[in-house]
Structures are given as C-alpha cells and as structure tokens.
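Observations on the model geometry
Residues per chain are reported as follows:
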Amino acid sequence: MAYSDKVIDHYTNPKNVGTLDKSKTNVGTGLVGAPECGDVMRLQIEVDELSGVIKDAKFKTFGCGSAIASSSLATEWLKGKSVDEALQIDNMDIVEELNLPPVKIHCSVLAEDAIKAAINDYRTKNGLSELVNAH
Amino acid sequence: MNLHLPIYLDNNATTPMDPRVLDAMLPYFVEKFGNAASRNHSFGWVAEEAVDYAREQVAQLINADSKEIIFTSGATESDNLAIKGVYEMYASKGNHIITCTTEHKAVLDSCKHIEKLGGHVTYLSVNADGLIDLSELEKAITDKTILISIMYGNNEIGVIQPIKEISAIAKKHGVLFFTDATQAVGKIPVDVIDDGIDLMSFSGHKIYGPKGVGVLYVRRKNPRVKVTSQMDGGGHERGMRSGTLNVPAIVGLGKACELCRLEMTEEATRLSAMRDRLENSLMELDETYINGDKNHRLPHTANISFKYVEGEGLMMGFNKNIALSSGSACTSASLEPSYVLKALGLGDDLAHSSLRFGLGRFTTEEQIDFTIKAVTDTVNKLREMSPLWEMFKEGVDINSIEWEHH
C-alpha cells in the first residue's frame, strides 16, 4: 500500500511520543484498541488547571503506519486547544489531513476514541460527569 | 561494497528469473513458435522436441519418469487438478479427503469446493512447531478416504512435514498421497520414489523460472494414478490437462529445474548459513520468537515475531529498501492475521508482529547485513513508541487488561 507523504512524515518523525504522569489529576489518559486487532493507542493530555487549555499531549501507539500517524497528528492538534475544543476533533478531519485510504479509516476512528477516552479520564478525575462516547 | 536497493527478500512469493532461464526461452517466442501438437510439420516437431527435453529436465529433478509430468499453468492449477481430479476419478472408492489447516489456499479452497459437492474433508491441526501429528493422521483415515493432501514445505514458516512417514501411512491404508511441494522442489532434495509420493504440484516462478507454468506429477506405476481432467478440449497431457502447451514457459521451467538440480546442494548450504546468521542476529532483540520447527525447515525461510510491534508498521520502517512479507492483518484485505501462524497457536498479537524473510539465489551477505541493521533499528524505534512494550517493561500483564474489541 502506498502511504501519503504526511503519513510517512509522521511515521518517520513522530511528534510527541512519550508518557505523562497518569497519577496527576490534571492528566487524562486514554487507552484504546486491542493487541489482537493489531492496534493499541495510548493518548494523554495535560490540562492547565487555570485556563482549561491542553498544555501538553503525548502518545504511544502499537500499530501500522497510519495508526502511528493518526495519533501523532492528534497530539499536535490537541496542544493549545481547550478541552471543549478538543472534543470537536472528528475522525474525518484526520482522514482528510493524512489522506488515509478507506481500509485505514479505522485508525482515525481509534485516534478520535483515544482523544475522547483521555478527556473522559480527565473529567472523572476532576469530578465531572463522563461524556457519552461518540462511537 | 556496492549495495543495490531495494533488496528482495520475498522469494517465497516469487523469485526473479535466472538469466540463464531467459536465454533458454528466448528462441521459442518468435523463431521457434510452433504448436507442440502440430504433428505434421517441422514447426510443430521443433516445439515438441523442446517440450520433451524440458519434461525430461523436470522429471530428473524429482526422480520421476518424464511421462509422469503434466504441465499446467502453475501450482494453483495443479492443486485444483490433483484434488478435484482425484475426487472425481475415485468417486466409486470414496469421498473423504484428509488435509491440514496450514495448507496453501489453493488446497484449502479446493477442499472447500469438494465439501460443497458433498464430499467430506478432515482438516488436521498442527502442533506449536507447525508439524502434523502422524497418529492423528492415521486415526482420521476411514474406508471412504481416497486422498491425503499434505504440503511438503510451508510457504509462510518453511516447516517441512514428515513426508516419508505420511506416504507410508497412506500406502498402508491404500490411500493416495498428494503433496503441494511448491516451496520445496528445487530447494531441497525431493524424490517421488524415495518419498512415496503419488501426486505432487509445483511451479516455475518459485524456482527462478517463468510465471504461468507449473507441474502436476502423476505416478504411473505402483499404483497407476489418474485424475479426471478439469480442463477439456484436445486431450493434451495424456488427457489430464487440455490446452496448447506454453512452449517458451515450459522450456524455461525445464532449464530452471536443471539449474536447481545442479546447484541445489551448494545453494541450500549457502542460504541456510545466511538465514541462520540473519535469524541469530535478530534473535538478540528481546521478546523475539522464531515461528516453526527449527529442525525441519526449508533452508531459505525465516519467520520471526517481534513482540509488541505491529508487522505492517515494522515493514514501513524499511520497505523502501527491503521487500518482505508480514503475517499482520494490515497487509491483507481480510483484516485477519495469518491463518498459518494462528494454526500454530500463536496469539493474534504475535501473529500481527511477524515478518517472513524469504532468501534466494541472488541474496548476498551485504544484503543480509543491511537487513539485520534496518530491522533491528526499526524494532527498537517502534518499541520506544509502543504502549505495550512500556507495559511489558513495567511488568504489567497485557492479558489482564480488558481491551475493547472493534
């Protein structure tokens, strides 16, 4: 399968690979996918408590190049957004940006799920109700 | 050293044609274009002579008689002809076939076709090393069993089945034995007499010959085996496979077989040494596993799982420079990981993490050096990026996590 230049770029130079301290109350962690399916994404956000803005985002992904690129892109988009703005990220935006073929759309869905799971984790930690999962 | 990229390490999928094979074929396109079935003029005689010579070259490689060689379009057709042809020809004797779960799709799908026609098929499982259990095989035989179909060497993991033992069991019970030997012929000694094989398929393009040509060996003595033709018209190939013979391809296949016969011993030694070096170097990485029995394996094949990294993602790290295959689902349209690896009892995670290295006649030591470095670097890089690797390093049991399945 031929990958788009953007997928190759994220794969070769992934942005924001790493781990945030998940015990901190202002860090939300989302772990989605399954090893059996060949895709596992862990996406973390660190929220500035005063402004409600995501000041850092990190990921680690087990998966194909498109899965790695989708999560790398997601962390780039998350930084600087408010939590509410982050919820607006749609998987189709990722598909469009990375030019993912139909068989790789599930990678973008997984990235959106990971964002929502991280936000949910952050909300529960801070006494807010869990959001209804979009999927 | 002058290393040409990309490196081809997918020789189990297909091999480049040997230039010596091409040279042998070239006169048979324009100059000597005759139809081998034209009995009345010199154009036909020249073509027929070339086919006869090739048939002899093919027969010699597998210790057969040239009359036992049926030319087909490839191993897939030969597999179909063997299974469906025996099923039809021996319908009065029974309708039961025994095969195994790690066979090539051409065998498995032909068996499924037989089931649709009302026949019965037993699919033997394999052990963790990829070998069938001989006592299971013998137990599966009934008075309705007409055929045992077990491959010689596996295309994904390279495991060689106990062919002599299988044929002995088949003979003891009066059942025919067919083997898909596509990956074995030309790579290791295959002898239809010694091995007790009744029917055997293989193809040209896996042994440095052309695509679009293959062989079905059909034994003529002790016992005399026949298959019902699956392609009618003209009665070519002793009535078992009609169709104008593909003379240039057959000439190429003959030459390819001759080269394999002459160079096999040396080539197998060279390839297994390179394969072992590749394997031993990659095994220095933690959590790396060789798939398939190491003691019963084709010399040119290595199948390795790199736990906690996904196969397609792994290949992306070097597929600009190295061509090989993965058991990962992402490389196939089905989204299922390799059924062969799953048949060994590998979890989906390990099946998704596998690479198949297929070395060949033109593989060099420099290419192996390059591959060792590229694969090692990519595995290390992706593990740094893998949440599963991090969990493993922290001692978290990945199986204890409740994963959501899509």
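A short tour of the structure in this document, coming up. (Residues numbered from 1 in each chain as written. Chains lettered and ligands numbered in written order. Predicted model: local features only at pLDDT ≥ 70, side-chain atom pairs only at ≥ 80, totals over all residues. Heavy atoms only, no water.)

**Notes on the layout of surface pockets**
Residue and element names in this part refer to chain B.
- There is about 620 Å³ of room inside the largest pocket.
- What lines the largest pocket is a set of 35 residues, among which His104, Asn155, Glu156, Tyr339 and Arg356 lie closest to the centre.
- Mapped onto the lining of the largest pocket, the elements with two or more residues apiece are helix 3 (75–89), helix 4 (105–116), strand 12 (325–326) and strand 13 (354–358).
- Here the lining of the largest pocket gets four residues from one element, more than from any other, and that element is helix 3.
- For the lining of the largest pocket, the class distribution of residues is six nonpolar, 21 polar and eight charged. (1 Å grid on protein atoms, 1.4 Å probe; cavity = no way out; pocket = protein on both sides within 12 Å on 5 of 7 lines; lining within 4 Å. Points joined across faces, edges and corners; volume = space filled by probe spheres on them. Helix = DSSP H or I, 4+ residues; strand = E, 2+ residues; numbered from the N terminus. Nonpolar A, V, L, I, M, F, W, Y, C, P; charged D, E, K, R; others polar.)

**Focus on the interface of chain B and chain A**
- Across the contact, 28 residues belong to chain B and 30 residues belong to chain A.
- Across the chain B to chain A interface the summed buried area is about 2,500 Å²; carbon plus sulfur atoms make up 64%.
- Inspection of the region where chain B meets chain A yields three salt bridges.
- Our count for the chain B to chain A interface comes out at 13 residue pairs in polar contact (both at pLDDT 80 or more).
- Mapped by element, the contributors of at least two residues to the side of chain B that touches chain A are helix 8 (311–316), helix 10 (348–352), helix 11 (365–384) and helix 12 (387–394) of chain B.
- When grouped by side-chain class, the residues that make up the side of chain B that touches chain A number twelve nonpolar, eight polar and eight charged. (Contact = heavy atoms within 4.5 Å. Buried area = accessible area lost by both parts, 1.4 Å probe. Salt bridge = Lys/Arg side-chain N within 4 Å of Asp/Glu carboxyl O. Polar contact = N/O pair within 3.5 Å; in protein donor to acceptor, adjacent residues only side chain to side chain.)

**A closer look at the sheet that holds strand 6 (residues 176–180) of chain B**
All names here are of chain B.
- The mixed open sheet is built from seven strands, whose spatial order is 2-8-7-6-5-3-4. Sheet topology places strand 2 (69–72) and strand 4 (120–124) at the edges, where each strand pairs with a single neighbour. Taken over all neighbouring pairs, the strand axes of this sheet differ in orientation by 20° on average, direction set aside.
- As defined by bridge partners, strand 7 (residues 199–203) adjoins strand 8 (residues 214–218) across five bridges and the pair is classed as antiparallel. Within the sheet, the bridge partner assigned to Phe202 lies in strand 8 and is Val215.
- Against the sheet, helix 2 (residues 42–62) touches strand 2, strand 7 and strand 8, its axis set at about 115° to strand 2.
- Sheet contacts for helix 3: strand 2, strand 3 (96–100), strand 5 (145–149), strand 6, strand 7 and strand 8; angle to strand 7, the most-contacted strand, approximately 160°. (Pairing = 2+ DSSP bridges. Axes fitted to C-alpha atoms, helices over the stretch in contact; angles between N-to-C directions.)

**So, the packing of helix 4 (residues 91–98) of chain A against helix 5 (residues 105–125) of chain A**
Residues and elements named next belong to chain A.
- Closest axis-to-axis distance for the helix 4/helix 5 pair is 8 Å, and the angle between their directions is 130°. By the angle between their axes, helix 4 is oblique relative to helix 5. Relative to helix 5, helix 4 is oriented so that their crossing is right-handed. Here Asn91, Ile94 and Val95 of helix 4 lie close against helix 5, whose contacting residues are Ile105, Ser108, Val109, Ala111 and Glu112.
- For the contact of helix 4 with helix 5, the class distribution of residues is five nonpolar, two polar and one charged. (Parallel < 35°, antiparallel > 145°, perpendicular 65-115°, else oblique. Left-handed = near helix turned anticlockwise from the far one by under 90°.)

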